[in-house]
Amino acid sequence: AEMAAARLSGTENRLVSLPLSRIRVIMKSSPEVSSINQDALFLTAKATELFVQYLATYSYKHGRGKEKNALTYSDLSHTAEECETFQFLADILPKKILASKYLKMLEKEKQDGEVREDEDEEEEDE
């Protein structure tokens, strides 16, 4: 335990890039979490860091980033959509669409919803 405490006090900045205080706040936001062990906090931070690194590397290798020598948002959203491992991120990394296209989609959904409501009313009349 002494070694863990020493490791976290002075050298934590070199071992983990993410801010531990922010990760603690996120972890505590879960109702099931009452207290957070220092080692659990460190390991969660390190695992998160490695996951983000893996996601970025995978997206870069499988995206168009190599052509431009850059990692783009569309590379990340493509990975979330296409790769089974990352599909749970699809809602967080949606494909970018133009606002006008989005508004048209909303309008269509609204119209479809109204049509369905009308059909329901007709069935009730019979």
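Residues numbered from 1 in each chain as written. Predicted model: local features only at pLDDT ≥ 70, side-chain atom pairs only at ≥ 80, totals over all residues. Heavy atoms only, no water.

**A closer look at helix α4 (residues 38–62)**
Filter applied, for reference: Runs of H or I in DSSP of at least four residues are treated as helices and runs of E of at least two as strands, each being numbered from the N terminus. In this scheme, a helix's expected span is set at 1.5 Å multiplied by one less than its residue total. In this scheme, a residue with accessible area under 20% of its type's maximum is buried, one over 50% is exposed, and one in between is partly exposed, where area comes from a 1.4 Å probe on protein chains only. In protein, a polar contact requires one atom able to donate a hydrogen and another able to accept it; more generally it is a pair of N or O atoms within 3.5 Å, and residues adjacent in sequence count only if both atoms are side-chain atoms.
The terminal C-alpha atoms of α4, which comprises 25 residues, lie 36 Å apart, in line with the 36 Å expected from a rise of 1.5 Å per residue. Restricting attention to buried positions, one finds in α4 the residues Leu41, Phe42, Ala45, Glu49, Leu55 and Ser59. A side-chain oxygen of the first residue of α4 lies 2.6 Å from the backbone nitrogen of Asp39; this N-cap is Asn37.

**Focus on a nonpolar patch on the surface**
Rule in force here: Only residues whose relative accessible area exceeds 30% and that take part in no salt bridge are eligible for patches, with like-charged residues grouped when within 9 Å of each other and nonpolar side chains (Val, Leu, Ile, Met, Phe, Trp, Tyr) grouped when within 5 Å. Note that accessible areas follow from Shrake-Rupley with a 1.4 Å probe, and for residues the cover is restricted to the protein chains shown. For this analysis, a salt bridge means a side-chain nitrogen from Lys or Arg found within 4 Å of a carboxyl oxygen belonging to Asp or Glu.
Taken together, Ile97, Tyr102, Leu103, Met105 and Leu106 make up a surface patch of nonpolar side chains, about 470 Å² in accessible area. Along the chain, Met105 falls in helix α7 (residues 99–125). For Met105, a relative accessible area of 42% gives the class partly exposed.

**Quick notes on the packing of aromatic side chains**
Quick note on the threshold: Pairing of aromatic side chains here covers Phe, Tyr and the six-membered ring of Trp, requires ring centres within 6.5 Å, and sorts the geometry by plane angle: under 30 degrees stacked, over 60 edge-to-face, intermediate tilted.
For the structure shown, the criterion picks out 5 aromatic pairs. Judged by centre distance (6.1 Å) and plane angle (40 degrees), the ring pair of Phe51 and Phe88 falls under tilted. Note that Phe51 is positioned in helix α4 and Phe88 in the loop between α6 (73–82) and α7, a separation of 37 residues in sequence. We classify Phe88 as exposed; its relative accessible area is 56%. Grouped by ring-pair contacts, the aromatic residues Phe51, Tyr54, Tyr58, Phe86 and Phe88 constitute a single cluster.

**Looking at the pattern of salt bridges**
Enumeration over the complete set of coordinates arrives at 3 salt bridges. For Lys46, the salt bridge identified is with Glu49, shortest N-O distance 3.3 Å. Taken together, the residues Lys46 and Glu49, both in helix α4 and 3 residues apart, mark about one turn of the helix. Note on Lys46: relative accessible area 26%, which makes it partly exposed. On the basis of relative accessible area, Glu49 is assigned to the buried category, the value being 16%. A salt bridge links Asp112 to Lys108; the shortest N-O distance between them is 3.3 Å. One end of the pair, Asp112, and the other, Lys108, are both in helix α7, 4 residues apart, so they sit about a helical turn from each other. Take Asp112: its relative accessible area is 31%, and that puts it in the partly exposed class.

**Quick word on the confidence of the model for the protein**
The criterion, for reference: On a scale of 0 to 100, pLDDT captures the predictor's confidence in every residue.
Looking at the protein, pLDDT values average 81 and 77% of them are 70 or higher. Across the protein, the element-wise mean pLDDT spans from 51 in helix α1 (residues 2–10) up to 93 in α4.

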